[in-house]
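Geometric and topological summary
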Amino acid sequence: IDSRVVESGDLFVAIEGPRFDGHDFIAEAFSRGAVAAMAHRQPIGLPGNVPIIMVNNTMAALRGLARAARERAQARVIAVTGSVGKTGTKEALKWVLGQQAPSCASESSYNNHLGLPLSLARMPKKTAFGIFEMGMNHAGEIEPLSRLASPHVALITSVEVAHSAYFANLDEIADAKAEVFTGMPRDGIVVLNRDNPYFHRLAAAARRTGVKTILAFGADSEATVRLLES
């Protein structure tokens, strides 16, 4: 979706955003090695022989690619969210699971309405473990990401003061993080920080969606996986 980082063999998806329109950069994408482009309006100034996939809406089409990749892979999917530590946790899981079976994860901190479907669309068919970061600035942003990824495991690192300009209090931030449970199957697993004051609120939200298995980590004596020394 970014013509500046296109590599040979890539499909370039022209996303129309509030500041830039990817359709204006299709020619650049081809010059950098793209083998095809997806567009929802006819690009101009291109040679007649370059392959253009025309769709009604490129953002919807990118989500469609993500959904198709998710369904074909049959991977066990882990969603990682939280106010802090998302990317580090995602990278740690990728390293550990990658020693056991083919694994893939979100690049960098690709965790929003663009980054998550892009990451899912890139998931190889033979992936056994997929680890995907999910972030948000407003309420309602994580739910569609969770429904798209359909995670078997959801891990919330912590609930802290972050993006507070868009929330009245920490309760609202916790509830927005809990949206990650909405796309999970009932036999999914939720992993929560037992040391965080919002553990019980998040656990209750998970149970309301039908998820029964909740694992806790932390120094708390009731943590499933307990830190003894630091």
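Higher on the page you've got the structure.
Analysis parameters
Per chain, the residues get numbers from 1 upward, laid out in the order the sequence is written. The predicted nature of this model means local features are confined to residues of pLDDT at least 70 and side-chain atom pairs, given and counted, to a pLDDT of 80 or more, with totals for whole chains, interfaces and linings taken over all residues. Computation of side-chain values covers all heavy atoms of the structure but excludes hydrogens and water. Strand pairing is defined by DSSP finding a minimum of two bridges between the two strands. Where helices and strands are cited, they refer to DSSP runs of H or I of at least four residues and of E of at least two residues respectively, numbered from the N terminus. In plain words, nonpolar cores are sets of buried Ala, Val, Leu, Ile, Met, Phe, Trp, Tyr and Cys residues tied together by side-chain atoms within 4.5 Å. We call a residue buried when its accessible area falls under 20% of the maximum for its residue type, exposed when it is over 50%, and partly exposed in between, using a 1.4 Å probe and counting protein chains only. Every axis in this analysis is a line fitted to C-alpha atoms, fitted for helices over the stretch in contact. Angles between the N-to-C directions lie between 0 and 180 degrees. Here a residue-residue contact requires only that any non-hydrogen atoms of the pair lie within 4.5 Å. The working definition used for a salt bridge is a side-chain nitrogen of Lys or Arg within 4 Å of a carboxyl oxygen of Asp or Glu. In this analysis a 1.4 Å probe is tested at points of a 1 Å grid over the protein atoms alone, and where it fits but cannot get out there is a cavity; an open set with protein on both sides within 12 Å along at least five of seven lines is a pocket; lining residues have an atom within 4 Å of a point. Grid points are joined across faces, edges and corners, and a volume is the space filled by probe spheres set on the points. Residues are grouped as follows: Ala, Val, Leu, Ile, Met, Phe, Trp, Tyr, Cys and Pro are nonpolar; Asp, Glu, Lys and Arg are charged; every other residue, Gly included, is polar. In this description, one arc is meant: the one made by directions from the helix axis to the C-beta atoms. Counted as a polar contact is a pair of N or O atoms within 3.5 Å, where, for protein atoms, one must be capable of donating a hydrogen and the other of accepting one, and residues adjacent in sequence contribute only when both atoms are in side chains.

Some details on the sheet that holds strand E9 (residues 213–218)
One open sheet accounts for 7 strands, arranged E5-E6-E4-E7-E8-E9-E10; its pairing is parallel. Edge positions in the sheet fall to strand E5 (103–105) and strand E10 (225–226), since each has one partner strand and no second. Bridge count between E5 and strand E6 (residues 129–133): 3 bridges; the pairing is parallel. Its bridge partner lying in E6, cysteine 104 is registered against glycine 130.

Quick notes on the nonpolar core
Ranked by size, the top nonpolar core spans 38 residues in total, and within it Leu120, Val180, Phe181, Val190 and Leu192 carry the most contacts. No other element matches helix H7 (residues 199–208), which puts 5 residues into this core.

Side note on the pairing of strand E2 (residues 36–39)
The side-chain alternation of E2 yields two buried faces, one formed by Ala36 and Met38 and the other by Ala37 and Ala39. In this structure, strand E1 (residues 11–13) lies alongside E2, joined through 3 bridges in parallel fashion. Note that in E2 the partner of valine 13 across the bridge is methionine 38. The pairing of E2 with strand E3 (residues 52–54) spans 3 bridges and is classified as parallel.

Some details on the sheet that holds E2
Strand order in the open sheet formed by 3 strands is E1-E2-E3, with parallel pairing between adjacent strands. The outermost strands of the open sheet, each flanked by one partner alone, are E1 and E3. With direction set aside, neighbouring strand axes in the sheet form an average angle of 20°. With respect to the sheet, helix H2 (residues 58–73) is in contact with E1 and E2, its orientation differing from that of E2 by roughly 120°.

Observations concerning the pattern of salt bridges
Across all of its chains, the model carries 11 salt bridges by this definition. With a shortest N-O distance of 3.1 Å, glutamate 143 and arginine 147 are connected by a salt bridge. Separated by 4 residues within a single helix, glutamate 143 and arginine 147 lie in helix H5 (residues 142–149), roughly one turn from each other. You can call glutamate 143 partly exposed: its relative accessible area is 29%. For aspartate 171, the salt bridge identified is with arginine 201, shortest N-O distance 3.8 Å. Of the two residues, aspartate 171 is situated in helix H6 (residues 170–177) and arginine 201 in helix H7; the sequence distance between them amounts to 30 residues. The partly exposed category is assigned to arginine 201, whose relative accessible area is 35%.

Some thoughts on the layout of surface pockets
Looking at the largest pocket, its volume works out to about 990 Å³. Ile1, Asp2, Val13, Ile15 and Leu114 are, among the 35 residues lining the largest pocket, the residues nearest its centre. Looking at the lining of the largest pocket, the elements that each hand over two or more residues are E1, H2 and helix H4 (115–121). Among the elements that line the lining of the largest pocket, the one with the most residues is H2, at 4 residues. Residue composition of the lining of the largest pocket, by class: 17 nonpolar, 11 polar and 7 charged.

Side note on H6
Of all the positions in H6, only Ile173, Ala174, Ala176 and Lys177 are classed as buried. Down the axis of H6, the smallest arc covering the buried residues is 160°, so these residues share one side. Contacts from the buried residues of H6 go to strand E4 (76–81), H5, strand E7 (153–156) and H7. With a side-chain oxygen positioned 3.1 Å from the backbone nitrogen of aspartate 171, the residue opening H6 is asparagine 169.

Remarks on unusual backbone geometry
In this model, serine 108 sits at a positive phi of 45°, which is unusual for a non-glycine residue. Looking at where serine 108 falls in the secondary structure, it is placed in the loop between E5 and H4. Phi is positive for serine 150, which is not a glycine, with a value near 45°. In this fold, serine 150 is placed in the loop between H5 and E7. Looking at serine 150, the relative accessible area reads 28%, which means it is partly exposed.

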